[in-house]
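Working through the structure, step by step
Below, each chain spelled out in residue letters.
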Amino acid sequence: MAGYFQHIYSGLSTTMVGMKITLEHLFKKKVTLQYPEKWHPITSGHMPLNSRNRIDLDMEECDGCNACSRACPVGCIDIEIVKVAKSETDVPNIKSTGKPRKTWVTKYDIDFALCCFCSLCTDACPTEAIQMTTEFEYSTFHRDDLIYHFSPLSAEEVKEKKEMLAKEKAEAAKAKAEAAAKAKAEAEASGDTESKENSN
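The paragraphs below set out a description of the structure included in this document. (Residues numbered from 1 in each chain as written. Predicted model: local features only at pLDDT ≥ 70, side-chain atom pairs only at ≥ 80, totals over all residues. Heavy atoms only, no water.)

1. A word on the nonpolar core
- Ranked by internal contacts, the top residues of the largest apolar core, which has 22 residues, are Ile55, Ile77, Tyr108, Ile110 and Ile130.
- Secondary-structure elements contributing two or more residues to this core are β1 (55-57), β2 (77-83), β3 (103-111) and β4 (130-132).
- When residues in this core are grouped by element, the largest group, three residues, is from β3.
- Non-local contacts of isoleucine 110, meaning those with residues more than four positions away in its chain, are made with Ile55, Cys76, Ile77, Ile130, Leu146, Ile147, Tyr148 and Phe150.
- Ranked by size, the runner-up nonpolar core spans five residues in total, among them Val84, Val91, Trp104 and Leu153. (Core = buried A, V, L, I, M, F, W, Y, C linked by side-chain atoms within 4.5 Å. Buried < 20%, exposed > 50% of the residue type's maximum accessible area, 1.4 Å probe, protein only. Helix = DSSP H or I, 4+ residues; strand = E, 2+ residues; numbered from the N terminus. Contact = heavy atoms within 4.5 Å.)

Structure below.
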């Protein structure tokens, strides 16, 4: 019987504690700020340096290795690359490694409507080209505006580089075919010579 009344007392006392907290906040000064017109005085418009918000990419560091795309759990990173043609002379080095660039990143898109800001892409990047930033204000009225395009190449430049590489591949294939035909002709000629010698 004592346990029954103890449960009633416990229920009423905890309710009163909750109501006391509610009444205290009811008459306190309101702390709600009308964001974005007003900012919290502590942040003053800045987030902590270790915040995981919008991703930024340094295309001079990116070598198109696709490590970030493979690490992304939601598949919000879309990358396309084209190999650098051997005939290209004005090819910049990758800043962090100092090595010549082997690929052009013709497309690097991040869909922030899908991004879960897990930072796995930044951990996977070997050149540290992709980083999380403190920028969190990028809401928009249109979903397509949340797809950020990072590749610095224009459509004309992408077309030019693809054509240059295709031309180089075609020339290499032609040279290979000519070399094979020449080797075959030489083999046939040497075979005819041997058969003549054997017949004599």
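From this point, the discussion proceeds with the structure in view.
2. What to know about the sheet that holds β2
- The strand order β2-β3-β5 describes an open sheet built from three strands, whose pairing is antiparallel. Only two strands of the sheet have a single neighbouring strand rather than two, namely β2 and β5 (147-149). Ignoring strand direction, the axes of neighbouring strands in this sheet form an average angle of 15°.
- Bridge count between β2 and β3: seven bridges; the pairing is antiparallel. Bridging from a neighbouring strand, isoleucine 77 pairs with isoleucine 110 of β3. (Pairing = 2+ DSSP bridges. Axes fitted to C-alpha atoms, helices over the stretch in contact; angles between N-to-C directions.)

3. Side note on the side chain of serine 151
- Locating serine 151 in the fold gives a position in the loop between β5 and α4 (155-199).
- Overall, the relative accessible area of 17% leaves serine 151 in the buried class.
- A polar atom in the side chain of serine 151 sits 2.7 Å from the backbone oxygen of valine 105.
- A polar contact is formed between the side chain of serine 151 and the backbone oxygen of threonine 106, at a distance of 3.4 Å.
- The contact partners of serine 151, leaving out residues within four places of it in the chain, are Met59, Val105, Thr106, Lys107 and Tyr108. (Polar contact = N/O pair within 3.5 Å; in protein donor to acceptor, adjacent residues only side chain to side chain.)

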